[in-house]
Amino acid sequence: MKGNRLKKCLAILMGVILAAEFPSSHAVPFGLMDSYAYTGAATVKASSLNVRSGAGTGYSSVGRLAAGAAITIIGEQRGTDGNTWYQIQYTGSSGSVNTGYVSSLYVRIPVSYSTDADFEAYLTSQGFPESYKNGLRQLHAQYPNWVFKAKNTGLDWNTVIENEMVLGRNLVSSGSVSSWKSVESGAYNWDNSTWTGFDGSGWVAASKDIVSYYMDPRNFLDETYVFQFLTHEYNASTQTKEGLESMIAGTFLSGSTDSTGTGGSDFSSGGSSQGSGSAGGPGSTEGPGGSSTGSNRGPGAADLNDYSQSGPGVSGGGSSPSVGTSPSGGNSGVSLEAPHASITPKDRSLVASSVSLEAPGASQEASAPGGSQSPSTGSTQGPSQNGPSSSGGETASPGSTGTGTGTSMSYADIIMKAASQSGVSPYVLAAMILQEQGAGTSPLISGTYSGYEGYYNYFNVEAYQSGSMSAIQTGLRYASQSGSYGRPWNTVEKSIIGGAQNYGDNYVKAGQNTFYLKKFNVQGENLYKHQYMTNIQGAASEGAKLEKAYSSVKNSALEFHIPVYNNMPEQACVAPTGDGSPNNKLSNFSVEGFGITPSFSRDTERYNLIVDTSVSSIQINANTADSTASVSGAGTVSLPDGETDITVSVTAQNGSVRNYVLHVVKQAGGPVSGSTGTVTSPGGAASPGTSQGQSGSQGPGSTGTTDSGSGPGGSNVTIVQVP
């Protein structure tokens, strides 16, 4: 026993000596901290996390990881910022295993789970697949009172993704990495390497990979993002004013307003809440039971000057060392905030604003998608352009001060009142308002917008760009009309209560009673339509905001409805991280002195050529459609006897490869020399003599008339009117 005590004393003494040798201001070698440090599997809990070459934000970024990404911790160290940093191994986009450092603040270490036979039996009885269970076990270990219910949709996963890939149904910021952007028909212009803009220039169609990632519930079974599956019904016993005040602390909703009073307004639905829906423009879609053309409308971001957030692969602070730079030199300071959402039975699928997927306590080091700028940022156009008088409904006089009492009320009191009357959780209502209005500076809630003074639209109901009218104008036009849900909304109180009841009637009571189902309508008879927003990140973002409201009541019996699909992939879908122009097509493909069949088209990849047996070689000319792409296999090619296939490969900036194959047949009596065979695609003005690899059009971001376009992370968007 004495010997053991002596050993312990010596160990303590040695520890004191070592601590003196290595003061806290210096990095501690791994060996000194790893004796009791965790090593093993973990996951990323920030939506976009920089992997750095060393332990600190001053080190260069060597990669990025999305929320839920699997990592292996192999050591830890105190970083230059004084926080703990993990040395990790992770799988890169090419499949290689890489090593780097990440802040421990944004890493989730698995919770110890002791097998609970009853819980295991419950998960099986609910119909949760095995691939869901590990995440649910972790949550159960942390919060044993939580109730998880499987929402068995009965839908085939591949069918769901196919329907959600309808052009314009899901959008990402134009500042996103290129792998988040679709190159499907109508989404990308191969002639000039630009993406088609929806809802203005700030939003483009989402790629299949990123749609699959955000639709896969298994990626969000953690204590933060699981709140997108929390039911939205009002529960007075768990949803309190104190909890609401904790949630909105530090936001504009923590204040009060003098614009109060309801003036005896009728807050019933009145049989229709469409109001100015007739101004939806071509392609607008009906709500439950209606039909859809697949067109979506939506305006610009609420906080029009907020560019503080960044998405995976997109630099969020220019040269700031704390934020990684896009591999393609993408747009710095890009905000991924989305346009406003439209709460209406009509299926005008819009995008919510002020998106933030930051983990609790996150900084620029682990950033998340934010938003994009409205195409009508500073417009002060009044009703002269299809203003209130042009709508079908009755309109109150612009500039009316309404029936406000002028009695000051806190936003918290107004939201609690709205929750009681609408049947929707006050936490959900607050999360939606913050999602829509950001810092609270939008003209939609200022009450001072020219031509619509005294009107407010806190939930951005019917706010969408239509013809010459901006989203701000259509939203305030709707607010100014007399009609359903207490309109005109000429006080802040009326706008919040009316918007809440609108949402409660048209979404929560219609079965879309979670943020996930509000975004992805995979229930009921109106599948894939009547979706509240087009921003692919909207549900996860709102869920992260909602989680903060429950910080003090997380141990209560909260109920989560989690969708399950048939034929899902064995593992959760992974968020893509690649960047660079995807354009791997040719603008010209010809053989000097000969004609190829069929005539060249950039989308045709196989061609034929017949030559005489005396022809020993041919000169192949190939020009890329994008200046950042490279071509191989062109030039002078020797011909063997008989038949041969010549492959010309085009490698895009993002690494994707497209092969064009020329099948050559040598036969007696064939052409020795003939027509030039030069055929150019639209936009490619190449001639037979141009050097291989030289583009016939400008690179990513160009307009076709200048070479000053930015890379794939920038504003290379062509705005089109979707019919």
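Note: the structure precedes this text.
Residues numbered from 1 in each chain as written. Predicted model: local features only at pLDDT ≥ 70, side-chain atom pairs only at ≥ 80, totals over all residues. Heavy atoms only, no water.

Peer 1: Got a minute to help me understand the overall build of the chain in this structure?
Peer 2: Summing up its helical and strand segments, the chain has 13 helices and 24 strands in all. Within the chain, buried positions represent 56% of all 723 residues. A separation of at least 24 residues holds for 73% of the contacts in the chain among residues at least 6 apart in sequence. Taken as a whole, the chain presents about 27000 Å² of accessible surface, with 49% of it coming from carbon and sulfur. (Helix = DSSP H or I, 4+ residues; strand = E, 2+ residues; numbered from the N terminus. Buried < 20%, exposed > 50% of the residue type's maximum accessible area, 1.4 Å probe, protein only. Contact = heavy atoms within 4.5 Å. Areas by Shrake-Rupley, 256 points an atom, 1.4 Å probe, with all protein chains shown as cover.)

Peer 1: Can you walk me through the pattern of salt bridges in this structure?
Peer 2: A pair can form between side chains of opposite charge whenever their charged atoms are brought close. Within the structure shown, the criterion is met by 17 salt bridges. Between D191 and R602 there is a salt bridge whose closest N-O contact spans 2.1 Å. With a gap of 411 residues between them, D191 in the loop between β10 (188-189) and β11 (194-197) and R602 in the loop between β17 (586-591) and β18 (606-611) connect regions that are remote in the sequence. Overall, the relative accessible area of 23% leaves D191 in the partly exposed class. The closest approach of N and O atoms between K518 and E542, which form a salt bridge, is 2.8 Å. (Salt bridge = Lys/Arg side-chain N within 4 Å of Asp/Glu carboxyl O.)

Peer 1: What am I meant to see in the environment of L221 here?
Peer 2: Looking at where L221 falls in the secondary structure, it is placed in the loop between α6 (208-215) and α7 (241-248). Spatially, the C-alpha atom of L221 lies 7.6 Å from that of L139, the residues being 82 residues apart in sequence. Setting aside residues no more than four positions away along its own chain, L221 makes contact with Y132, G135, L136, L139, V226, F229 and I562.

Peer 1: Explain the packing of aromatic side chains to me, please; I cannot follow it from the model alone.
Peer 2: To describe a pair of aromatic rings, you give the distance between the ring centres and the angle between the ring planes. By the definition in use, this model includes 30 aromatic pairs. Residues W157 and Y565 carry aromatic rings whose centres are separated by 5.3 Å and whose planes lie at 65° to one another, so their mutual orientation is edge-to-face. Taken together, the positions of W157 in helix α5 (residues 157-164) and Y565 in strand β16 (residues 559-566) put the pair 408 residues apart, joining distant regions of the chain. Of the residues examined, Y565 reaches a relative accessible area of 4% and is grouped as buried. Site record: aromatic cluster; members linked through ring pairs are F119, Y143, W146, F148, F227, Y427, Y550 and F560. Over the face of the ring belonging to W195 we find K181, whose NZ or CZ atom lies 4.2 Å from the ring centre. Positioned above the aromatic ring of W190 is the side chain of R658, whose terminal nitrogen or guanidinium carbon lies 5.8 Å from the ring centre. (Phe/Tyr/Trp six-rings, centres within 6.5 Å; stacked < 30°, edge-to-face > 60°. Lys NZ or Arg CZ within 6 Å of the ring centre and 35° of its normal.)

Peer 1: I would appreciate a short explanation of the sheet that holds strand β22 (residues 643-651) in the present structure.
Peer 2: Across a sheet, paired strands are connected by hydrogen bonds in the backbone, their directions being either parallel or antiparallel. The strand order β18-β23-β22-β20 describes an open sheet built from four strands, whose pairing is mixed. With one partner strand each, in any of the chains shown, β18 and β20 (630-632) form the two edges of the open sheet. Neighbour-to-neighbour, the strand axes of the sheet open up by a mean angle of 20°, direction not taken into account. Sheet topology note: the β22/strand β23 (residues 657-666) ladder contains nine bridges and is antiparallel. If you follow D645 over to β23, its bridge partner there is H663. (Pairing = 2+ DSSP bridges. Axes fitted to C-alpha atoms, helices over the stretch in contact; angles between N-to-C directions.)

Peer 1: Looking at this structure, how should I read the sheet that holds strand β19 (residues 617-624)?
Peer 2: Spatial ordering of the open sheet is given by β17-β19-β21, a layout of three strands whose pairing is antiparallel. What marks the edges here is a single partner per strand, and that holds for β17 and β21 (635-638). Neighbouring strand axes in the sheet, compared pairwise and without regard to direction, differ in orientation by 25° on average. Two elements, β17 and β19, share five bridges in a ladder whose sense is antiparallel. Of the residues in β19, the one forming a bridge with F589 is A622.

Peer 1: Got a minute to help me understand the side chain of K519 in this structure?
Peer 2: Examined against the element boundaries, K519 turns out to sit in helix α12 (residues 515-519). For K519, which is buried and forms no salt bridge, the nearest opposite charge comes from E164, at a distance of 4.8 Å. Here N170 takes part through its side chain, which lies 2.5 Å from a polar atom of the side chain of K519. (Lys, Arg positive; Asp, Glu negative; His and termini not counted. Polar contact = N/O pair within 3.5 Å; in protein donor to acceptor, adjacent residues only side chain to side chain.)

Peer 1: Help me understand the nonpolar core in this model?
Peer 2: One recurring pattern in soluble globular proteins: nonpolar side chains tend to sit buried together. In terms of nonpolar packing, the biggest core is built from 104 residues, with L136, M215, Y458, I496 and F560 touching the most fellow members. A total of eight residues in this core trace back to one element, the largest contributor, which is helix α9 (residues 426-437). Other than its neighbours up to four places away in sequence, I496 contacts Y411, I414, I415, A418, I433, Y458 and F459. The next biggest cluster of nonpolar side chains, apart from the first, holds 24 residues, and it includes L609, Y660, L662 and V664. (Core = buried A, V, L, I, M, F, W, Y, C linked by side-chain atoms within 4.5 Å.)

Peer 1: Even after reading the chapter, I still don't get the pairing of β18, so can you show me in this structure?
Peer 2: The side chains of a regular strand alternate between the sheet's two faces. Of the two faces of β18, only the one carrying Y607, L609 and V611 is buried; R606, N608 and I610 on the other face are not. Across six bridges, β18 lies against β23 in parallel orientation. Each residue of the ladder has a partner; that of Y607, found in β23, is L662.

Peer 1: Honestly, the packing of helix α8 (residues 411-422) against helix α11 (residues 492-506) in this entry has me stumped. Any pointers?
Peer 2: To characterise two packed helices, one gives the angle between the axes of the helices and the distance between these axes. The N-to-C vectors of α8 and α11 enclose an angle of 35°; their axes lie 9 Å apart at closest approach. Judged by the sense of rotation from one axis to the other, the crossing of α8 with α11 is right-handed. Contacts from Y411, I414, I415, K417, A418, Q421 and S422 of α8 reach α11 at V492, E493, I496, I497, A500, Q501 and G504. Class assignment of the residues belonging to the contact of α8 with α11 gives a composition of eight nonpolar, four polar and two charged. (Left-handed = near helix turned anticlockwise from the far one by under 90°. Nonpolar A, V, L, I, M, F, W, Y, C, P; charged D, E, K, R; others polar.)

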